[in-house]
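Structural characterization, general
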Amino acid sequence: MDDDPIWTAVDDYWSGALLRPDPVLDATVEANAAGGLPAIDVSPEQGKLLHLLARSTGARRILEVGTLGGYSTIWLARALPADGELITCELRPAHAEVARANLARAGLAQRVDVRVGPAAVTLAELTGVFDLVFIDADKASNVTYLEHALRLSRPGTVIIVDNVVRRGRVVDAGSNDGTVLGTRRLAAALHTDDRLDATVIQTVGRKGYDGFLYAVVR
Ligand code: SAH
Ligand code: DHB
Ligand code: MG
């Protein structure tokens, strides 16, 4: 499916009304590009949704899987109270380095802990309870990340998984694309999982046609 330019025009229209100029986020996007990071961060509109969801739920401890340059991290961490904490997992040291600089510029270095390495290893070391988990790394590992998120949750913990639609490719039962297979394994696992209640919302916008999964732990 081709992107329709109206999707971006409508994002621009509503962002013009609802999002304020944000030099810190602009600088983050610029630093990411300068560092050669792929421009696959959430959009400003999606970032603000993550921020509002974290605020709506009163999240004090947030876990993120997939930092990139920390764009979504900044949106989420800004929702934390002064004594809140966000742990974010990133495989690539070069991405983590850019993210740490972006988080420092945003004044969030104290509240955010960027952990470098395979997320499955980092997650296995974590203990305690998180109020909100944002999963946005290698999609092939999403079942593993969901299992850790559940282990680190309490009743009411919110778990969000990005990119579960991928231009509709998720419905291709014959796909051998690792990201599609990973997302389909996630769907199969959730089908028989009574530990959480979930829905998927398809989205269009400046980042194309995709969607996210929203779950609440029972
Ligand atoms: N959440 C970010 C975008 C993340 S892009 C934002 O919206 O701003 C996905 C990131 O996951 C990339 O930086 C990639 O290096 C990282 N990643 C890929 N495989 C990983 C793994 N096994 N463990 C941790 N991070 C991984
Ligand atoms: C890709 C990854 C993402 O997390 C995203 O939001 C968009 C695209 C990607 O790997 O192409
Ligand atoms: Mg994503």
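The preceding data block contains the structure.
Conventions we followed
- Residues numbered from 1 in each chain as written.
- Chains lettered and ligands numbered in written order.
- Predicted model: local features only at pLDDT ≥ 70, side-chain atom pairs only at ≥ 80, totals over all residues.
- Heavy atoms only, no water.
- Near = heavy atom within 4 Å.
- Polar contact = N/O pair within 3.5 Å; in protein donor to acceptor, adjacent residues only side chain to side chain.
- Areas by Shrake-Rupley, 256 points an atom, 1.4 Å probe, with all protein chains shown as cover.
- Nonpolar A, V, L, I, M, F, W, Y, C, P; charged D, E, K, R; others polar.
- Helix = DSSP H or I, 4+ residues; strand = E, 2+ residues; numbered from the N terminus.
- Buried < 20%, exposed > 50% of the residue type's maximum accessible area, 1.4 Å probe, protein only.
- Pairing = 2+ DSSP bridges.
- Axes fitted to C-alpha atoms, helices over the stretch in contact; angles between N-to-C directions.
- Contact = heavy atoms within 4.5 Å.
- Donors = N, O, S within 2.8 Å, 3.2 Å for Na, K, Ca; no water.
- Phe/Tyr/Trp six-rings, centres within 6.5 Å; stacked < 30°, edge-to-face > 60°.
- Lys NZ or Arg CZ within 6 Å of the ring centre and 35° of its normal.
- Expected span 1.5 Å × (residues − 1).
- Arc of directions from axis to C-beta.

**Some words on the site of ligand 2**
Neighbouring ligand 2 are I40, D136, K139, D162, N163 and R166. Within the side chain of D162, one N or O atom sits 3.2 Å away from an oxygen atom of ligand 2. For ligand 2, the protein covers 64% of the area, taking 290 Å² as the surface of the free molecule. Considering only residue class, the shell around ligand 2 consists of one nonpolar, one polar and four charged.

**Some details on the site of ligand 1**
Lining the immediate surroundings of ligand 1 are 22 residues, of which G66, E90, H95, A119 and D136 lie closest. G66 has a polar backbone atom sitting 2.8 Å from a nitrogen atom of ligand 1. E90 is positioned such that a nitrogen or oxygen atom in its side chain is 2.6 Å from an oxygen atom of ligand 1. Protein burial of ligand 1: of its 590 Å² of free accessible surface, 90% is covered by the chains. Looking at the shell around ligand 1, the elements that each hand over two or more residues are helix 4 (71-77) and strand 2 (85-90).

**Details of the pairing of strand 1 (residues 61-65)**
Most of strand 1 sits out of view: four of its five residues are buried. Inspection of the sheet shows strand 1 paired to strand 2 by five bridges, in the parallel sense. Residue pairing for strand 2: I62 is matched across the bridge by L86. The pairing of strand 1 with strand 4 (residues 132-135) spans four bridges and is parallel. If you follow I62 over to strand 4, its bridge partner there is L132.

**A look at the sheet that holds strand 7 (residues 208-217)**
Neighbouring strands of a sheet are bound in pairs by backbone hydrogen bonds; such pairs are parallel or else antiparallel. Strand order in the open sheet made by the seven strands is 3-2-1-4-5-7-6, with mixed pairing throughout. The sheet is open, and its two edges are formed by strand 3 (112-116) and strand 6 (196-205), each paired on a single side. Neighbour-to-neighbour, the strand axes of the sheet open up by a mean angle of 15 degrees, direction not taken into account. With respect to the sheet, helix 1 (residues 5-18) is in contact with strand 6 and strand 7, its orientation differing from that of strand 6 by roughly 105 degrees. Set on the sheet, helix 7 (residues 142-151) makes contact with strand 1, strand 4, strand 5 (158-162), strand 6 and strand 7; between it and strand 4 the angle comes to about 170 degrees.

**Some words on the coordination of the magnesium ion (ligand 3)**
The coordination sphere of the magnesium ion (ligand 3) contains the protein donors D136 (OD), D162 (OD) and N163 (OD1), at a distance range of 2.0 to 2.2 Å. Sequence spacing among the residues donating to the magnesium ion (ligand 3) works out to D-x25-D-N. Separated by 26 residues along the polypeptide, D136 in the loop between strand 4 and helix 7 and D162 in strand 5 bring together distant segments of the chain. The residues D136 and D162 share a single accessibility class, namely buried.

**Topic: the packing of aromatic side chains**
The tally for this structure, following the rule as stated, stands at one aromatic pair. Aromatic side chains Y13 and W14 sit 5.5 Å apart centroid to centroid with 80 degrees between the ring planes, which places their arrangement in the edge-to-face category. Sitting over the face of the ring of F130, R61 holds its NZ or CZ atom 4.1 Å from the ring centroid.

**Re helix 5 (residues 93-105)**
Compared with an ideal rise of 1.5 Å per residue, which puts 13 residues at 18 Å, helix 5 spans 18 Å between its outermost C-alpha atoms and is within 8% of the ideal. For helix 5, the full list of buried residues reads H95, A96, V98, A99, N102 and L103. Axial view of helix 5: buried residues confined to an arc of 165 degrees, hence all on one face. Exposed side chains of helix 5 directed beyond 90 degrees from the buried face belong to P93 and E97. In this structure, the buried side of helix 5 is in contact with helix 2 (23-34), helix 4, strand 2 and strand 3. Once helix 5 finishes, G107 follows within two positions and takes phi at roughly 75 degrees, a positive value.

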